[in-house]
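Okay, here's what each chain looks like letter by letter:
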Amino acid sequence: DKHHSCGMIRFSSVLSSRLAPARMTVQSRLSAGIAKCVGVRSISIPAEGVTLRYFDSRGRAQGLRYALKDAGVDFKDDRVSIQNMTSGNWFNMKNMPHISGPFGMLPVMDWGALRIGQTEAIAGYLYHQLGHGEGGGPEEAATSASLVSLAHQDLIVVCLQ
């Protein structure tokens, strides 16, 4: 309804303005991290390959797609048609772990034989697999995890606008 959408817009614009300074920090930290890690490590891709599965939209998987592409990882971008949602077929697909992963939700990434569900878990795994976590201790890992969480939440806010 109109009242709900106005409240949501007001909420997301307030949240977005509060996140603006943090967003700039995230962007500068990510840029510095990428510059520091480019060419540091060759990425070992499993023989079974890498598959990222999400709906045929940007949504929660787009940042993961960018990370894989930026790192030069040859991966299968398996997109589940939105028609599966509108036809009701998705409810059947949710019960198929080879499609919807361990929790019946997308995104899901198969890195060889390893299947990982949930955006932040996949992002954390990619962070280490793509060589960004080398040489850091628990403090750096915690900082990186918080940046992943902030970037994910920031993406959600953008999607709400």
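So, here's what we can say about the structure. Note that the structure is a prediction, hence the values are computed from the model and not measured.

Take the overall build of the protein chain next. Across its full length, the protein chain holds seven helices and four strands. Helices (α) and strands (β) of the protein chain occur, in sequence order from the N terminus, as α-β-α-β-α-α-α-β-β-α-α. Evaluated residue by residue, the protein chain yields a buried proportion of 30% over its 161 residues. A fraction of 61% describes how many contacts in the protein chain between residues 6 or more apart in sequence connect residues 24 or more apart.

Its location among the elements puts Phe-103 in the loop between α5 (97-100) and β3 (108-111). When the C-alpha atoms of Phe-103 and Gly-117 are compared, they prove to be 6.9 Å apart, with 14 residues separating the residues in sequence.

Bringing the sheet that holds β3 into the picture now. A sheet is described by the order of its strands in space; here four strands give the open sequence β2-β1-β3-β4, paired in mixed fashion. The strands lining the two open edges of the sheet, one partner per strand, are β2 (76-80) and β4 (114-117). For this sheet, the mean inter-axis angle between neighbouring strands, taken without regard to orientation, is 15°. Note: β3 against β4, four bridges, orientation antiparallel. Within β4, the position partnered with Trp-111 by the bridge is Leu-114.

This part covers the pattern of salt bridges. Inspection of every chain in the model, using the stated rule, returns six salt bridges. Measuring nitrogen to oxygen at the nearest pair gives 3.5 Å for the salt bridge that ties Asp-56 to Arg-79. Of this pair, Asp-56 sits in the loop between β1 (50-55) and α2 (62-70) while Arg-79 sits in strand β2; the two residues are 23 residues apart in sequence, bridging distant segments of the chain. Its salt-bridge partner being Asp-77, residue Arg-65 comes within 3.0 Å of it at the nearest N-O pair. Of this pair, Arg-65 sits in helix α2 while Asp-77 sits in strand β2; the two residues are twelve residues apart in sequence, bridging distant segments of the chain. For Asp-77, a relative accessible area of 26% puts it in the partly exposed group. Salt bridges linked by common partners bring Arg-53, Asp-78, Asp-110 and Arg-115 together as one network.

A separate point is α2. Here α2 has its buried residues at Gln-62, Leu-64, Arg-65 and Leu-68. Seen along its axis, α2 keeps its buried residues to an arc of 160°; they face one direction. Buried-residue contacts for α2 involve β1, β2, β3 and α6 (119-129). Trailing α2 by a residue or two, Gly-72 shows a phi angle of about 75°, which is positive.

On to the nonpolar core, then. With 22 residues, the main nonpolar core has Leu-52, Leu-68, Trp-90, Leu-106, Met-109 and Leu-126 as its most contacted residues. Counting only elements with at least two residues in this core, the list comes to β1, α2, α4 (90-93), β3 and α6. The biggest single contributor to this core is β1, with four residues. If near-sequence neighbours (up to four positions away) are discounted, Trp-90 is found in contact with Phe-55, Val-80, Asn-84, Met-85, Ile-99, Ser-100, Gly-104 and Leu-106.

Calculation rules
Sequence order as written defines the numbering, with residues in each chain counted from 1. Residues qualify for local features only when their pLDDT is at least 70, as the model is predicted, and side-chain atom pairs are given and counted only at 80 or more; totals for whole chains, interfaces and linings, by contrast, use all residues. The side-chain numbers reported here are obtained from all heavy atoms of the structure, hydrogens and water having been left aside. Numbering of helices and strands runs from the N terminus, with a helix taken as a DSSP run of H or I at least four residues long and a strand as a DSSP run of E at least two residues long. Remark: exposure states derive from per-residue accessible area (1.4 Å probe, protein chains only) relative to the maximum for the residue type, with buried under 20%, exposed over 50%, and partly exposed in between. Whether two residues touch is decided by their heavy atoms; if any such pair falls within 4.5 Å, the residues are in contact. Pairing between strands is defined by DSSP: at least two bridges between them are needed. Note on definitions: angles span 0 to 180 degrees between N-to-C directions of axes, and those axes are lines fitted to C-alpha atoms, for helices only across the stretch in contact. Whenever Lys or Arg places a side-chain nitrogen within 4 Å of a carboxyl oxygen from Asp or Glu, that contact is recorded as a salt bridge. Here, the arc refers to the directions that run from the helix axis to the C-beta atoms. Buried Ala, Val, Leu, Ile, Met, Phe, Trp, Tyr and Cys residues that are joined via side-chain atoms within 4.5 Å together make up what is termed a nonpolar core.

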